[in-house]
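# Chain and residue survey
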Amino acid sequence: MAVAVGRQSNEELRNLSLSGHVGFDSLPDQLVNKSTSQGFCFNILCVGETGIGKSTLMDTLFNTKFESDPATHNEPGVRLKARSYELQESNVRLKLTIVDTVGFGDQINKDDSYKPIVEYIDAQFEAYLQEELKIKRSLFNYHDTRIHACLYFIAPTGHSLKSLDLVTMKKLDSKVNIIPIIAKADTIAKNELHKFKSKIMSELVSNGVQIYQFPTDEETVAEINATMSVHLPFAVVGSTEEVKIGNKMAKARQYPWGVVQVENENHCDFVKLREMLIRVNMEDLREQTHTRHYELYRRCKLEEMGFKDTDPDSKPFSLQETYEAKRNEFLGELQKKEEEMRQMFVMRVKEKEAELKEAEKELHEKFDLLKRTHQEEKKKVEDKKKELEDEVNNFQKKKAAAQLLQSQAQQSGAQQTKKDKDKKNSPWLCTE
Amino acid sequence: MSELVPEPRPKPAVPMKPVSINSNLLGYIGIDTIIEQMRKKTMKTGFDFNIMVVGQSGLGKSTLVNTLFKSQVSRKASSWNREEKIPKTVEIKAIGHVIEEGGVKMKLTVIDTPGFGDQINNENCWEPIEKYINEQYEKFLKEEVNIARKKRIPDTRVHCCLYFISPTGHSLRPLDLEFMKHLSKVVNIIPVIAKADTMTLEEKSEFKQRVRKELEVNGIEFYPQKEFDEDLEDKTENDKIRQESMPFAVVGSDKEYQVNGKRVLGRKTPWGIIEVENLNHCEFALLRDFVIRTHLQDLKEVTHNIHYETYRAKRLNDNGGLPPVSVDTEESHESNP
């Protein structure tokens, strides 16, 4: 049955006016409610030298003490340590993962320092891609481990960016949203800070590093994002200790010459960072990660694997053909490996069999040997027995002979007398 | 023995088991603002919703859709010219509009199926409909497997199918059962008793019970499906709807009359005015609230997470690949050899 489909093209979509309240304006609420019940994921990567204040800043940002021991400076290479936490505020559950770069900047040769970081980020994208490519998949309750924001901690030298920083940021800018921050900002004086910030920004621009741009397309956040962008990179101070200021307790660092208040905007940009990272742009960070960085990774990866989109004229779906080819290739490999395994197995069995046969033969030989020895022994013993018996017999004979002799002697004596007697009596008594 | 993995996958640093830090938040962080952020984003991008209406002609499908969305979404057949009205085959007509309310923009597409059940021989008349639904899944799948994907894949999949049951008062017709049996596996079906003003209250409740029983006996899972209830709360809420209210007995109208000093949508008869939005008269308001105000997002999600995924899994499993299917649905389709 032929089916005629009449469809108005997109451009002709008419705007209809409603004559009453329909009620679909609750749709955003319906959507948000679903997300709240599932919970949100947010993953932050902190890149910076050991001791620059990454853990303290995380503690300060999220108002808690994340348990972790400070790292030593002796790490042989850079490794990434990820920790997950579940935070809850009112009815929002957040699965927060903080990834730390342990040992960054400590080695003498830092050529490969950026590599573990890039590998980690790619691995998270890969895991998501694998899930997406599965035949039976469950994306809607997938625990997203992709990095949504990368806080790059710049050391407060006051001069410019280190070459390690430039190289690392250049490698990361197409993979993750980079937010550069100046750590331990209480070591820089205000006038130096301004110069430092502009130097950093100009260096980033001249080296073509793409840092995260706070979105300015939506009216409600455009203004605040624009004003905040001016202060990049944010100069932050972290502290979990509280000091009494006036009549309130506030997070601060106490020095002999004064108190640096974390949440005072004149002292540092911590509040700005918190605003931008969490309160205004968290959702945008997640979206950018998914729609830009992940899509780029996916595109590169699929192209690398041999797939390509074709133009609409030629047969569509070379993706699936290549997929099919790859699948066959994979299956073929599997079969080959299976054959190999089977052959190896057969060989092993044969070997074992031969071994066992050998052992059996040995055993038989031993048994034969034993039997022979046993027989020999037996024979010896029998010989001895026989000897003994012979001896006994001889002895018995001798004894008998001796006894006989004795009795004969007695008898002959008696006989002699008797004989003498008998001689008179019986003539037929013969002597022995 | 080495692992048989086609390419080495770098193992990510394994995160520790999530530590739950709950009550000791020393101050306000601002995590809950993500709700507001999300809401703003979704309002900006807008929503798509595709609703299909299936039923014999004259059951009031177009009127009901117009009443639901309070606008002239479907053009009713004004002239009853027999030759031009009933098509020889089942047609699928999809018409899209953009409606806006409270800052929320919705692209609403109503898919009409004229000709369904109107022939003398109605065998397999659900096939074009099933084909259309699968075509939409196919379109989406194609977009999704592209290397260079669009930021937002246009969603033409049917989120909801309203099936109109004739108010005979007896039971379901074989055609109804056949259709729902075939399609309840691919799309969310909401059965609706049309022209409910022909039944009295007792007849209505008896009919509804019989229909529910028949659907259960035939193993037809209509939306909200029991197996997709996520938690106890959902289950109790949906159970109530499934066992008491559904199928909704509705009356549609786009004419307004004056009743008790208010203007209401209704049907005027010699024996009184039937108010469409009056819960004592018919269950239109329940249907509207159910579909639009509470379960709209859920309808889309079940379509995306379950029906579409089932289609995708089946498709990718068949021969491990997809045969070339032309995107342009107006051409005839090649079948898989």
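Fair warning: this is a prediction, and the values are worked out from it, not measured in the lab. (Residues numbered from 1 in each chain as written. Chains lettered and ligands numbered in written order. Predicted model: local features only at pLDDT ≥ 70, side-chain atom pairs only at ≥ 80, totals over all residues. Heavy atoms only, no water.)

Next up on the list: the overall build of chain B. On a plain count of helices and strands, chain B comes out with nine helices and ten strands. Classification of the 337 residues of chain B by burial places 51% in the buried group. A separation threshold of at least 6 residues defines the contact pool for chain B, and within that pool the share at least 24 residues apart is 69%. Of the roughly 16,900 Å² of accessible surface on chain B, a fraction of 51% belongs to carbon and sulfur atoms. (Helix = DSSP H or I, 4+ residues; strand = E, 2+ residues; numbered from the N terminus. Buried < 20%, exposed > 50% of the residue type's maximum accessible area, 1.4 Å probe, protein only. Contact = heavy atoms within 4.5 Å. Areas by Shrake-Rupley, 256 points an atom, 1.4 Å probe, with all protein chains shown as cover.)

Once that is clear, we can look at the packing of aromatic side chains. Applying the stated criterion across every chain, the model contains 16 aromatic pairs over all chains. Ring geometry for B:Y223 against B:F290: centres 5.8 Å apart, planes inclined by 50°, an arrangement best described as tilted. Highlighted residues: B:Y223 in the loop between helix 6 (201-217) and helix 7 (232-245) and B:F290 in helix 8 (residues 284-294), separated in sequence by 67 residues. Judged by its relative accessible area of 1%, B:Y223 is buried. Following the ring pairs from residue to residue traces out a cluster consisting of A:F125, A:Y128, A:Y142, A:Y294 and A:Y297. Positioned over the ring face of B:F140 is B:R157, at 3.7 Å from the centre of the ring. Lying across the ring of B:Y308, B:R157 places its NZ or CZ 4.9 Å from the centre. (Phe/Tyr/Trp six-rings, centres within 6.5 Å; stacked < 30°, edge-to-face > 60°. Lys NZ or Arg CZ within 6 Å of the ring centre and 35° of its normal.)

With that settled, the discussion passes to the pattern of salt bridges. Tallied over the entire structure, the rule returns 37 salt bridges over all chains. Residue B:R39 pairs with A:D29 through a salt bridge whose shortest N-O separation is 2.2 Å. On the criterion of chain membership, the pair formed by B:R39 in helix 1 (residues 33-45) and A:D29 in helix 1 (residues 27-38) is interchain, its members lying in two chains. Take A:D29: its relative accessible area is 34%, and that puts it in the partly exposed class. For B:R312, the salt bridge is made with B:E144, and the minimal N-O distance between the two is 4.0 Å. You can see B:R312 sitting in helix 9 (residues 296-317) and its partner B:E144 sitting in helix 4 (residues 127-145), a full 168 residues away along the chain. For the pair B:R312 and B:E144, one class covers both residues: buried. Taken together, the shared-partner salt bridges in this structure form one network comprising B:K70, B:E277, B:R288, B:D289 and B:R293. (Salt bridge = Lys/Arg side-chain N within 4 Å of Asp/Glu carboxyl O.)

Turn by turn, an α-helix covers 3.6 residues, leaving residues three or four places apart pointing in a common direction. Residue and element names in this part refer to chain B. For helix 9, with 22 residues, the first-to-last C-alpha span of 31 Å sits near the 32 Å given by 1.5 Å per residue. Of all the bends in helix 9, the greatest, near 30°, is centred on T303. Of all 22 residues that make up helix 9, 16 are buried, and the element is covered over most of its length. (Expected span 1.5 Å × (residues − 1). Bend = angle between axes of the 7 residues up to and from the residue.)

The tendency in soluble globular proteins is for nonpolar side chains to be buried side by side. Within the largest apolar cluster, 86 residues are counted, with the highest numbers of intra-cluster contacts made by A:F62 and A:L277. With eight residues, the top contributor of residues to this core is helix 3 (residues 114-133) of chain A. B:L59, B:L141, B:V145 and B:F290 belong to the second largest nonpolar core, which has 85 residues in total. (Core = buried A, V, L, I, M, F, W, Y, C linked by side-chain atoms within 4.5 Å.)

Whenever strands of a sheet pair, they do so through backbone hydrogen bonds, lying parallel or antiparallel. Residue and element names in this part refer to chain B. Spatially, three strands are ordered 8-9-10 in an open sheet, and the strand pairing comes out antiparallel. Each end of this open sheet is capped by a strand with a single partner; those strands are strand 8 (256-259) and strand 10 (272-275). If you compare each strand with its neighbour and ignore which way they point, the axes differ by 65° on average. (Pairing = 2+ DSSP bridges. Axes fitted to C-alpha atoms, helices over the stretch in contact; angles between N-to-C directions.)

On the secondary structure map, A:L18 appears in the loop between strand 2 (14-16) and helix 1. Overall, the relative accessible area of 21% leaves A:L18 in the partly exposed class. Counting along the chain gives 92 residues from A:L18 to A:K110, while the straight-line C-alpha distance between them is 64 Å. Ignoring sequence-local partners within four residues, the contact set of A:L18 consists of A:F24, B:F69, B:K70, B:S71, B:I99, B:E100 and B:E101.

Let's shift gears to the packing of helix 1 of chain A against helix 1 of chain B. The contact between helix 1 of chain A and helix 1 of chain B brings their axes to 10 Å, and the two run at 135°. Comparing their axes, helix 1 of chain B and helix 1 of chain A come out oblique. The crossing of helix 1 of chain A and helix 1 of chain B is right-handed. Here A:P28, A:D29, A:L31, A:V32, A:S35 and A:T36 of helix 1 of chain A lie close against helix 1 of chain B, whose contacting residues are B:I35, B:M38, B:R39, B:T42 and B:M43. (Parallel < 35°, antiparallel > 145°, perpendicular 65-115°, else oblique. Left-handed = near helix turned anticlockwise from the far one by under 90°.)

A few words on the side chain of B:S184. Mapped onto the fold, B:S184 is located in the loop between helix 5 (174-183) and strand 6 (189-193). Apart from the residues lying within four places of it in its own chain, the contact partners of B:S184 are B:I189, B:I220, B:E221 and B:H307.

Now for the side chain of A:N281. Here A:N281 is to be found in the loop between helix 7 (270-280) and helix 8 (282-304). Residue classification places A:N281 among the buried residues on the basis of a relative accessible area of 1%. Residues contacting A:N281, with those up to four places away along its chain left out, are A:Y212, A:F214, A:P215, A:N225, A:E275, A:M276 and B:Q37.

Attention now goes to the sheet that holds strand 9 (residues 242-245) of chain A. Residue and element names in this part refer to chain A. Spatially, the three strands line up as an open sheet ordered 9-10-11, and their pairing is antiparallel. At either margin of the open sheet sits one strand with a lone partner, and together these are strand 9 and strand 11 (258-261). Neighbour to neighbour, the strand axes of the sheet diverge by 65° on average, direction disregarded. The sheet contact formed by strand 10 (residues 248-255) and strand 11 spans four bridges and is antiparallel. Paired with A252 across the bridge in strand 11 is Q261.

Moving on: the domain arrangement of chain A. Under the domain assignment, chain A is made up of domain 1 (35-305) and domain 2 (319-384). Just the C-alpha atoms count here: the centres of domain 1 of chain A and domain 2 of chain A sit 60 Å apart. (Domains from an automatic or database assignment.)

Let us look at unusual backbone geometry. The omega torsion across A:L232 and A:P233 is -15°, close enough to zero to call that bond cis. Summarising the element assignment, A:P233 is placed in the loop between helix 6 (219-229) and strand 8 (234-235). For the peptide bond that leads from B:M246 to B:P247, omega is -10°, which places it in the cis range. Mapping B:P247 onto the fold places it in the loop between helix 7 and strand 7 (248-249). A positive phi angle is found at B:K195, which is not glycine, with a value near 45°. Checked against the element boundaries, B:K195 lands in the loop between strand 6 and helix 6. Given the relative accessible area of 39%, B:K195 is considered partly exposed.

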